[in-house]
Amino acid sequence: MKKVILIGFMGAGKSTLGRRIHQASGMPFFDLDDWIEAREGRKIGEIFRQDGEAAFRALESKALDILSDELPGEWVLSCGGGTPCFGDNMEKLRKMGTTVYLKLSPELLASRLLPEKEHRPLISGYSEAELVDFIRDLLNKREMFYKKAHLHLKEDEVDDWFLKLMG
Ligand code: S3P
């Protein structure tokens, strides 16, 4: 039974890959941020602004608990960039299915995130010059969690893995 959990930094392509798997295989796809927004009736940015990051992290953990009980059969889940790095979320994720870390360099992440940084509460306050350093520092702190994933994929390894999953 395929249960795939995509993790990695913002901009790593988790949701895009999740949608691609869904389109190619029909496996149901869930995006944790979208799921939280739908349930809360608010955008992630609003939740951060109105209630703060700690409140968002509590909602994120609760969402994982609900989803891990409610998702039968095969599925793909894409997490938020911080999901595996709080509480015992990474252990929960590893129990739910095969965790896959999409591993990109800080430079590549910064180039992808720059055009859309205003929509992302954690990086919207940084200038272009500051962004890559912020990403490098946060990635350094988060890698110890990401590295616990069952699989680690670099950008150029994603297509081969995708084909294997489809096969
Ligand atoms: C976050 C990543 C975002 C979202 C929130 C916090 C993070 O998800 O959950 O803004 O802490 O890295 P994406 O990685 O899907 O952008």
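Look a little higher up for the structure.
A short tour of the structure in this document, coming up. Nothing here was measured: the structure is a model prediction, and the numbers come from that model. (Residues numbered from 1 in each chain as written. Predicted model: local features only at pLDDT ≥ 70, side-chain atom pairs only at ≥ 80, totals over all residues. Heavy atoms only, no water.)

**Points about the site of the ligand**
Near the ligand you find 13 residues, and of these K14, D33, R57, R120 and R142 are the closest. Between the ligand and K14 there is a distance of 2.8 Å, counted from an oxygen atom to a side-chain nitrogen or oxygen. G82 places a polar main-chain atom, nitrogen or oxygen, 3.3 Å from an oxygen atom of the ligand. For the ligand, whose accessible area on its own is 390 Å², the fraction buried by protein is 93%. Taken atom by atom, the bulk of the ligand overlaps the largest pocket. Taken together, the residues that form the shell around the ligand break down as 5 nonpolar, 3 polar and 5 charged. (Near = heavy atom within 4 Å. Polar contact = N/O pair within 3.5 Å; in protein donor to acceptor, adjacent residues only side chain to side chain. Areas by Shrake-Rupley, 256 points an atom, 1.4 Å probe, with all protein chains shown as cover. 1 Å grid on protein atoms, 1.4 Å probe; cavity = no way out; pocket = protein on both sides within 12 Å on 5 of 7 lines; lining within 4 Å. Sits in = over half its atoms within 2 Å of the grid points. Nonpolar A, V, L, I, M, F, W, Y, C, P; charged D, E, K, R; others polar.)

**Observations concerning the pairing of strand 3 (residues 75–78)**
Neither face of strand 3 is exposed, since W75 and L77 on one face and V76 and S78 on the opposite face are all buried. Here strand 1 (residues 3–7) runs beside strand 3; their pairing, made up of 4 bridges, is parallel. What sits directly across from L6, in strand 3, is S78. In this structure, strand 2 (residues 29–31) lies alongside strand 3, joined through 3 bridges in parallel fashion. (Buried < 20%, exposed > 50% of the residue type's maximum accessible area, 1.4 Å probe, protein only. Helix = DSSP H or I, 4+ residues; strand = E, 2+ residues; numbered from the N terminus. Pairing = 2+ DSSP bridges.)

**A short note on the sheet that holds strand 1**
Across the sheet, which stays open at both edges, the 5 strands sit in the order 2-3-1-4-5 with parallel pairing between neighbours. Looking at the sheet topology across the chains shown, the edges are occupied by strand 2 and strand 5 (151–154). Taking the axes of each pair of neighbouring strands and ignoring which way they run, one obtains an average angle of 20 degrees across the sheet. Across 4 bridges, strand 1 lies against strand 4 (residues 98–103) in parallel orientation. Bridge pairing in strand 4 places I7 opposite Y101. In the packing of helix 2 (residues 32–40) onto the sheet, contacts are made with strand 2 and strand 3, and the angle to strand 2 comes to roughly 70 degrees. Across the face of the sheet, helix 5 (residues 89–96) comes into contact with strand 1, strand 3 and strand 4 while running at roughly 150 degrees to strand 1. (Axes fitted to C-alpha atoms, helices over the stretch in contact; angles between N-to-C directions. Contact = heavy atoms within 4.5 Å.)

Bear in mind that shape data such as this cannot, by itself, settle questions of function.
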